[in-house]
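So the chains spell out like this:
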Amino acid sequence: MADEQHGGVSAAEWWKQAVVYQIYPRSFKDANGDGLGDIPGVTKQMGYLEALGVDAIWLSPFYPSNLADGGYDVIDYRNVDPRLGMLEDFDEMVRAAHASGIKVIVDIVPNHTSDCHVMFQEALAAGPGSPERDRYIFRPGRGEAGELPPNDWQSSFGGPAWERVADGEWYLHLFAKEQPDLNWKNPEVHEEFKKTLRFWSDRGVDGFRVDVAHALVKDLESRPLDEFPADAVSAPLDTSGSNPLWDRPEVHQIYREWREVFNEYEPPRFAVGEAWVHPDHQYLYASPEELGQVFNFEFAKANWCAADFHRAIEEGLASAERSGSTTTWVMSNHDVVRHASRYGLPQVAARAHHQIATDWVLRDGASYIEDRAVGERRARAAILMELALPGSVYIYQGEELGLFEVADIPWDRLEDPQAVNTSGARQIKGRDGCRVPLPWCAGDLPEPASWNANFGDGATGTFGFADRTEGAPAPAAPHLPQPLWFEDFAVDREEADPASMLALYRGALQLRARELTATGDTGLTWLEDITPEAQADKVVAFGRPAASGGTILCVTNFGETAVPVPEGEVLLSSIPLENGVLPRDATVWVRA
Ligand code: GLC
């Protein structure tokens, strides 16, 4: 079993060039009509995922949670949120996925728990100085009566990073106050998480996505707390190892321990770290002795220009070579503005446009004009470029439909702590605009207010409810409102349209699996001479060996003027091509 070969790839290394589809469970598919997506909803859409052609699904947290941070505030790591199903539903989903040839990756959130986790409740009850309290990061306050926080650190979601409890101590939370940070210097914390990794591995899970993997170990001892830089949480990351909170060298010992757990299984379990560290440090997390892979977020940060993407690809490949792993490519996830919108916003100096996108959401979508035609065209070009690259591709639910950010969710409907915890001029809308439930079926459009694009199937509130039947009560409204324009992006509409984004994704995924992944080759050759010199900085062009012989050339034109399509057989293009040229904002795959 261990070395069973699929094309040129051994079974144990399935993840090295996998296409992984990220599911944000509460917004994927609602099988019981209560307005929240659920685990049976994932099982139900397994056919859709199989037809899309993905190798794996990664589920963002589906554990019991108070949803202070979209489920990243976990109350019980070894259970399913009862609103999303039961453990049996999870097992059924894993069976269905495996039967469809799809691996399952779950999200592990080790930096913090929910404040309702039993360990935190025990820590509160046991009081200062107790072993229970030592599992978290409690400190006395400053000021005469300890009434001031231990220092001025601000949490990632706004407001102080310290919260005071009834007996006067303060605890650290780098994220929401409902997310107290764990103390990874305590051996019991290590045991707790190894137990969780085994729990899910024993249930057949194939891998893990590790949340804020670079945060776990903190240096809070090398100097008095109030002498650390006040901006430590938001300071730009370097490779010096001097930030007390992020990317500490000691964090790697944890992942070496986890690797031992992963290797208890056959094939070994896989992990991918979410580590927003300096690109020169990513490779450390991806080492085969540690997680195996790490997210490379340079695509998600890149401006729509050849130089940014060229550099991101070079950095990703170099980092993979250094770690002895493969790299990952990510344009969107549940934390960033959808890329179809980003690419339709004004493109400014390299890498600053991430800020533009954030500002755009911050200002209710009103400050800049989103050009959807441009955004869609570029998103089509971008996915063909991404899928031609060696390494793993992470697709975020809904990008295959070409969804744009929903930037105008009313303030009172927002759920993200970024929106809830910020105020005044600093208030931002946060990340809900990319977390709106998927539109499955355009159907007959009833009252706009009640339209829910068939996200939910029936309003019974119980699981196992079949498709909505005639006369059944209408499902509850989705937890985040779907805009009317979602109708144009509904799965059934796109399935019926051979020119849709969904059709493009399906075709490209098939071709990638057959011609590129199957070779097991992770090399890439830049094609510097593909265009006249004047165009060189406007084009990203590379070649990779094709399984059926020859080379597949992938060319993306970021420039204003058309470039020649290389000689050979055109296999796929992001838009229809005429006269042998590749116009602006388009990608072509050619077999040469
Ligand atoms: C990660 C998650 C994000 C969450 C944060 C705190 O960055 O992707 O959604 O808010 O960690 O857990």
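Only a predicted model underlies this, so the values are computations on that prediction, with no experimental measurement involved.

S.K.: Before we go on, may I ask you to explain the overall build of the protein in this structure?
M.R.: In terms of regular secondary structure, the protein is built from 15 helices and 20 strands. The buried share of the protein, taken over its 592 residues, is 59%. Long-range pairs, those at least 24 residues apart, make up 69% of the contacts in the protein with a sequence separation of at least 6. Here the protein displays about 22,000 Å² of accessible surface, and carbon together with sulfur accounts for 51% of that area.

S.K.: Can you walk me through the sheet that holds strand β6 (residues 138–139) in this structure?
M.R.: Sheets are built from strands that pair by backbone hydrogen bonding, the pairs being arranged parallel or antiparallel. One open sheet holds the three strands; their spatial order is β6-β8-β7, and the pairing between them is antiparallel. Sheet topology places β6 and β7 (162–164) at the edges, where each strand pairs with a single neighbour. Both β7 and strand β8 (residues 170–172) contribute to a ladder of three bridges, which runs antiparallel. By the bridge assignment for β8, Glu163 is matched with Tyr171.

S.K.: Help me understand the site of the ligand, please; the structure alone is not making it clear to me.
M.R.: In the region of the ligand, 14 residues are neighbours, and Asp69, Asp211, Glu274, His334 and Asp335 sit closest. Measuring from an oxygen atom of the ligand, one finds a side-chain N or O atom of Glu274 at 2.8 Å. Taking Arg431, its side chain carries an N or O atom lying 3.0 Å from an oxygen atom of the ligand. In the complex, the protein chains occlude 96% of the 310 Å² of accessible area that the ligand would expose alone. Of the residues in the shell around the ligand, the class split is four nonpolar, three polar and seven charged.

S.K.: Got a minute to help me understand the nonpolar core in this structure?
M.R.: Burial of nonpolar side chains together is a common tendency in soluble globular proteins. If you look at the biggest cluster of nonpolar residues, it comprises 132 residues, and the most contacted ones within it are Tyr21, Trp258 and Trp589. Within the second largest apolar cluster, 19 residues are counted, among which are Trp170, Leu174, Ala215 and Ala232.

S.K.: Help me out: how do you make sense of the packing of helix α5 (residues 187–202) against helix α6 (residues 251–262) in this one?
M.R.: When two helices pack together, their arrangement is given by the angle between their axes and by how far apart the axes lie. It is at 10 Å that the axes of α5 and α6 come closest, and there the two elements cross at 35 degrees. Judged by the sense of rotation from one axis to the other, the crossing of α5 with α6 is right-handed. Along the contact surface, α5 presents His190, Phe193, Lys194, Leu197 and Arg198, while α6 presents Ile254, Glu257, Trp258, Val261 and Phe262. Among the residues making up the contact of α5 with α6, the classes are represented as six nonpolar, one polar and three charged.

S.K.: Which parts of the structure should I look at to understand the pairing of strand β5 (residues 103–108)?
M.R.: Regular strands have side chains that alternate between both faces of the sheet. Buried residues dominate β5, accounting for five of its six residues. Once you follow strand β4 (residues 56–59) into helix α3 (residues 87–99) and on to β5, the crossover reads as right-handed. Across four bridges, β5 lies against strand β9 (residues 207–210) in parallel orientation. Bridge pairing in β9 places Val106 opposite Phe208.

S.K.: Help me out: how do you make sense of the packing of aromatic side chains in this one?
M.R.: The description of two aromatic rings rests on the distance between their centres and on the angle between their planes. Evaluation of the coordinates by the stated rule reveals 43 aromatic pairs. Between Phe299 and Trp329 the ring centres are 5.0 Å apart and the planes differ by 35 degrees, which places this aromatic pair in the tilted class. Separated by 30 residues along the polypeptide, Phe299 in helix α8 (residues 298–301) and Trp329 in strand β12 (residues 328–330) bring together distant segments of the chain. Here Trp329 falls in the buried class, since its relative accessible area comes to 0%. Counting every residue linked through ring pairs, the aromatic cluster contains Phe62, Tyr63, Tyr77, Phe90, Trp184, Phe193, Phe199, Trp200, Tyr255, Trp258 and Tyr285. Sitting over the ring of Phe138, Arg133 keeps its end group 4.4 Å from the ring centre. Seen from the ring of Trp411, Lys429 lies directly overhead, with NZ or CZ sitting 5.2 Å from the centre.

S.K.: Would you mind going over the packing of helix α12 (residues 372–388) against helix α15 (residues 501–516) with me for this structure?
M.R.: In the contact formed by α12 and α15, the axes pass within 10 Å of each other and the chain directions differ by 15 degrees. Between α12 and α15, the crossing angle belongs to the class labelled roughly parallel. When the axes of α12 and α15 are compared, the crossing they make is right-handed. For the pair α12 and α15, the contacting residues are Glu376, Ala379, Arg380, Ile383, Leu384, Glu386, Leu387 and Ala388 in the first and Met501, Leu504, Tyr505, Ala508, Leu509, Arg512 and Leu516 in the second. Grouping the constituent residues of the contact of α12 with α15 by class yields 11 nonpolar, no polar and four charged.

S.K.: Explanation requested: the side chain of Gln45 in the structure shown.
M.R.: Along the polypeptide, Gln45 turns up in the loop between α1 (39–44) and α2 (46–52). By relative accessible area, which is 13% here, Gln45 ends up buried. Not counting residues up to four positions away in its chain, the partners in contact with Gln45 are Phe28, Lys29 and Trp440.

S.K.: How should I be thinking about the pattern of salt bridges in this particular structure?
M.R.: Charged atoms that come close allow side chains of opposite charge to pair. Under the definition given, this model contains 39 salt bridges. Glu92 is paired through a salt bridge with Arg95; the nearest N and O atoms lie 2.9 Å apart. Taken together, the residues span about one helical turn, with Glu92 and Arg95 both in helix α3 at a distance of three residues. We classify Glu92 as partly exposed; its relative accessible area is 38%. Look at Arg95 and you get exposed, because its relative accessible area is 52%. The shortest N-O distance in the salt bridge between Glu290 and Arg256 comes to 3.2 Å.

Definitions and cut-offs
Residues numbered from 1 in each chain as written. Predicted model: local features only at pLDDT ≥ 70, side-chain atom pairs only at ≥ 80, totals over all residues. Heavy atoms only, no water. Helix = DSSP H or I, 4+ residues; strand = E, 2+ residues; numbered from the N terminus. Buried < 20%, exposed > 50% of the residue type's maximum accessible area, 1.4 Å probe, protein only. Contact = heavy atoms within 4.5 Å. Areas by Shrake-Rupley, 256 points an atom, 1.4 Å probe, with all protein chains shown as cover. Pairing = 2+ DSSP bridges. Near = heavy atom within 4 Å. Polar contact = N/O pair within 3.5 Å; in protein donor to acceptor, adjacent residues only side chain to side chain. Nonpolar A, V, L, I, M, F, W, Y, C, P; charged D, E, K, R; others polar. Core = buried A, V, L, I, M, F, W, Y, C linked by side-chain atoms within 4.5 Å. Axes fitted to C-alpha atoms, helices over the stretch in contact; angles between N-to-C directions. Left-handed = near helix turned anticlockwise from the far one by under 90°. Right-handed = clockwise from strand over helix to strand, strands pointing away. Phe/Tyr/Trp six-rings, centres within 6.5 Å; stacked < 30°, edge-to-face > 60°. Lys NZ or Arg CZ within 6 Å of the ring centre and 35° of its normal. Parallel < 35°, antiparallel > 145°, perpendicular 65-115°, else oblique. Salt bridge = Lys/Arg side-chain N within 4 Å of Asp/Glu carboxyl O.

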